[in-house]
Amino acid sequence: MQQQNDNRRGFLKKTVVAGTAAATVPYYFSSPKTLASETRSKNDRIPIGLIGAGGMGIGNMRSAKQWLDVVAIADVDKGRLESTNKSLSGGKADTYTDYQKILERDDIKLIHIATPDHWHTKPLIEAMLAGKDVYCEKPLTLTIDEGKLIRKVQKETGRIVQVGTQQRSQFRLFTKAIALVAEGRLGKITKVSVAIGGAPQSPEIPVVDVPENLDWDRWLGPAPAVDYRFHQAKDEDGKNKGRAITNCHFQFRWWYEYSGGKLTDWGAHHVDIANWALKANGQTEGPISIGGSAEHPVEFKDGFPVQKNQYNTATKFKFSVKYPNGTEMVIRNDTSNGVLIEGDKGRIFVNRGKLTGKPVEDLKTNPLPKDAIKKVYKGLPMEHDGRRAHWANFIHCHREQVEPISDVHSHMQMLNICHLAGISARLGRDLKWDDENEQIVGDDQANSFLKRDYRKGYEIQMPELAKS
Ligand SMILES: NC(=O)c1ccc[n+]([C@@H]2O[C@H](COP(=O)([O-])OP(=O)(O)OC[C@H]3O[C@@H](n4cnc5c(N)ncnc54)[C@H](O)[C@@H]3O)[C@@H](O)[C@H]2O)c1
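Model, not experiment: these values are computed from the prediction.

Engineer: Got a sec to walk through the site of the ligand? Specific residues and values, please.
Structural biologist: Contacts to the ligand come from 29 residues, most closely from Met56, Asp75, Asp117, His120 and Phe250. In this structure, an oxygen atom belonging to the ligand sits 2.9 Å away from a side-chain N or O atom of Gln166. One of the backbone N or O atoms of Phe250 is found 2.9 Å from an oxygen atom in the ligand. Relative to its free-state accessible area of 860 Å², the ligand is covered by the protein chains to the extent of 94%. When residues of the shell around the ligand are traced back to their parent elements, those giving at least two are α3 (55–63) and α9 (216–220). A per-class count over the shell around the ligand returns 11 nonpolar, 9 polar and 9 charged.

Engineer: Outline the side chain of Arg426, listing residues and values.
Structural biologist: Here Arg426 lies in helix α15 (residues 408–427). If sequence neighbours within four positions are ignored, Arg426 has contacts with Tyr256, His296, Phe300, Gly303, Phe304 and Phe449.

Engineer: Lay out the packing of aromatic side chains with the relevant residues and their values.
Structural biologist: A full pass over the atoms with the stated rule returns 14 aromatic pairs. Ring geometry for Phe171 against Tyr377: centres 4.9 Å apart, planes inclined by 85 degrees, an arrangement best described as edge-to-face. Taken together, the positions of Phe171 in helix α8 (residues 171–182) and Tyr377 in the loop between α13 (372–376) and α14 (387–400) put the pair 206 residues apart, joining distant regions of the chain. Of the residues examined, Tyr377 reaches a relative accessible area of 0% and is grouped as buried. Between Phe317 and Phe319 the ring centres are 6.4 Å apart and the planes differ by 20 degrees, which places this aromatic pair in the stacked class. The same class applies to Phe317 and to Phe319, which are both buried. Chaining the aromatic ring pairs together yields one cluster made of Trp216, Trp219, Tyr228, Phe230 and Tyr258. Over the face of the ring belonging to Phe250 we find Arg243, whose NZ or CZ atom lies 3.6 Å from the ring centre. When the ring centre of Phe304 is taken as reference, the NZ or CZ atom of Arg426 above it lies at 5.1 Å.

Engineer: Quick rundown of the packing of helix α11 (residues 267–280) against α15? Include the residues and the values.
Structural biologist: Relative to each other, α11 and α15 sit at 115 degrees, their axes nearing to 9 Å. Between α11 and α15 lies a crossing of right-handed hand. Note on element contacts: α15 touches α11 through Ser410, Gln413, Met414, Ile417 and Cys418, opposite Gly267, Ala268, Val271, Asp272, Asn275 and Lys279.

Engineer: Which residues make up α11, and what values do they have?
Structural biologist: An α-helical turn contains 3.6 residues, so any two residues separated by three or four positions project in the same direction. Its 14 residues place the ends of α11 19 Å apart at the C-alpha level, agreeing with the 20 Å of an ideal helix rising 1.5 Å per residue. Taking burial as the measure, the 14 residues of α11 include 12 buried ones, the bulk of the element. Of the residues making up α11, those classed as buried are Gly267, Ala268, His269, His270, Val271, Asp272, Ile273, Ala274, Asn275, Trp276, Ala277 and Leu278. Looking one or two residues beyond α11, the residue adopting positive phi is Gly282, at roughly 95 degrees.

Engineer: An account of the pairing of strand β14 (residues 316–322) is needed here, citing residue identities and associated values.
Structural biologist: Judged from the 7 bridges that link them, strand β11 (residues 289–295) and β14 form a sheet pairing that is antiparallel. Bridging from a neighbouring strand, Gly292 pairs with Phe319 of β14. Of the strand pairs in this sheet, β14 and strand β15 (residues 328–332) are connected by 5 bridges, and their pairing is antiparallel. Of the residues in β15, the one forming a bridge with Lys322 is Glu328. Counted between consecutive antiparallel strands, the loop separating β14 from β15 contains 5 residues, among which Gly326 sits at a positive phi close to 95 degrees.

The rules behind the values
- Residues numbered from 1 in each chain as written.
- Predicted model: local features only at pLDDT ≥ 70, side-chain atom pairs only at ≥ 80, totals over all residues.
- Heavy atoms only, no water.
- Near = heavy atom within 4 Å.
- Polar contact = N/O pair within 3.5 Å; in protein donor to acceptor, adjacent residues only side chain to side chain.
- Areas by Shrake-Rupley, 256 points an atom, 1.4 Å probe, with all protein chains shown as cover.
- Helix = DSSP H or I, 4+ residues; strand = E, 2+ residues; numbered from the N terminus.
- Nonpolar A, V, L, I, M, F, W, Y, C, P; charged D, E, K, R; others polar.
- Contact = heavy atoms within 4.5 Å.
- Phe/Tyr/Trp six-rings, centres within 6.5 Å; stacked < 30°, edge-to-face > 60°.
- Buried < 20%, exposed > 50% of the residue type's maximum accessible area, 1.4 Å probe, protein only.
- Lys NZ or Arg CZ within 6 Å of the ring centre and 35° of its normal.
- Axes fitted to C-alpha atoms, helices over the stretch in contact; angles between N-to-C directions.
- Left-handed = near helix turned anticlockwise from the far one by under 90°.
- Expected span 1.5 Å × (residues − 1).
- Pairing = 2+ DSSP bridges.

See below:
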């Protein structure tokens with residue numbers, strides 16, 4: 001462990017900036033912290049810092065409360081900061097509007113990132129560089145190049161990163177489906193179909209004053225500077241009617257500026273299962289092309305929405321992803337949410353409520369070997385189920401310093417597919433993909449979507465990497 005720490009310090013010496021302009025060198029490059037995770041007894045409670053005190057941050061911290069104490073919370077909305085502090089720790093946690101303050105603390109080794117999607121890559125990289133182990137919500141990135149940065153930093157720092165794709169820890173459903181595939185019960189997989197629904201549409205959303213509690217500039221962070229939009233419909237009695245429509249809390253999902261729409265919001269869950277199934281079936285090669293069609297609620301020019309005042313992500317789509325061995329992955333909005341896995345010996349369907357198909361029925365007379373599910377779960381302990389199990393997995397992997405079930409490498413493999421679907425949707429054309437070099441073939445305009453510009457002051461600062 002000592003040698004690993006020395007290597008980490010060497011690696012932190014120089015920095016380059018992934019983005020447009022260099023900003024001041026942050027604390028963790030000039031004065032690296034104690035990077036090793038402390039050895040603790042299995043029953044010790046672990047302090048954690050929460051970045052992003054919205055719906056998912058709260059839900060996750062409740063799922064993990066048997067192991068963790070939330071000692072610090074960061075949010076750019078002071079109202080949420082206060083109410084989340086009250087509900088998660090009786091108001092005892094330290095609160096910050098700048099999440100960097102949590103990363104500076106030596107007493108916190110675990111971080112949970114539950115910010116909107118456009119605010120994942122930067123704090124995740126910074127947290128790893130500050131020596132923290134991180135449970136970060138999906139999708140980890142908005143672009144394919146951000147995935148390369150995360151993989152590099154994770155490899156170099158050796159930090160433990162769990163992605164919030166908790167379906168991997170739904171043992172009776174998704175994990176069991178993968179075990180069926182791995183045990184050959186479907187034969188050779190020929191097709192996986194992923195149904196994830198389409199994004200909602202909105203009417204024009206008015207520009208209004210930014211609420212007093214909200215630091216809108218910091219909420220936007222690396223994304224382009226735009227006006228704050230919000231509208232809450234009311235019924236005759238003046239009560240709220242449905243969810244508010246906005247370009248901010250929760251609804252950021254339906255704007256390409258902050259998300260990939262359904263293609264990454266739900267794609268990150270179900271494409272992950274589809275990709276896991278292909279890997280469990282022995283498929284080693286990545287995709288070679290993606291083609292299909294998509295509908296957006298607004299007009300697009302050169303891959304960017306023309307109207308800036310309403311949701312803009314794809315409402316309808318159907319994509320076909322092809323692999324060198326003839327396998328196909330279909331990603332669509334128009335059938336029942338779930339993943340259909342088809343092989344030359346049988347097919348199964350799985351979603352958050354059911355696992356069906358003849359190979360499942362056949363388990364009554366021909367059950368899976370005792371360790372089949374554990375084998376696809378990397379042999380890791382299987383405690384609880386669903387989100388709580390996913391947190392148990394992260395805590396275990398933090399304590400043992402081993403790779404969690406939702407690792408950054410498999411996440412990026414499948415997220416590349418989601419992002420390619422998004423690029424194809426935005427440009428309205430099919431794409432050829434060079435998986436080894438992570439480049440779109442012969443299409444400069446499409447390749448320009450592999451990265452995004454960061455607003456000045458919100459660039460990602462990358463150390464010069466020793467390993468590529
Ligand atoms: N794994 C799952 O099943 C699942 C389910 C829902 C959401 N999610 C993911 O969780 C994330 C959060 O989703 P949500 O629905 O809770 O969104 P949300 O908008 O309710 O909450 C996000 C919070 O982050 C805060 N925030 C924004 N910028 C910040 C910054 N720079 N520093 C600190 N806080 C900042 C916002 O003010 C907000 O309070 C998303 O990435 C989403 O994809 C995952």
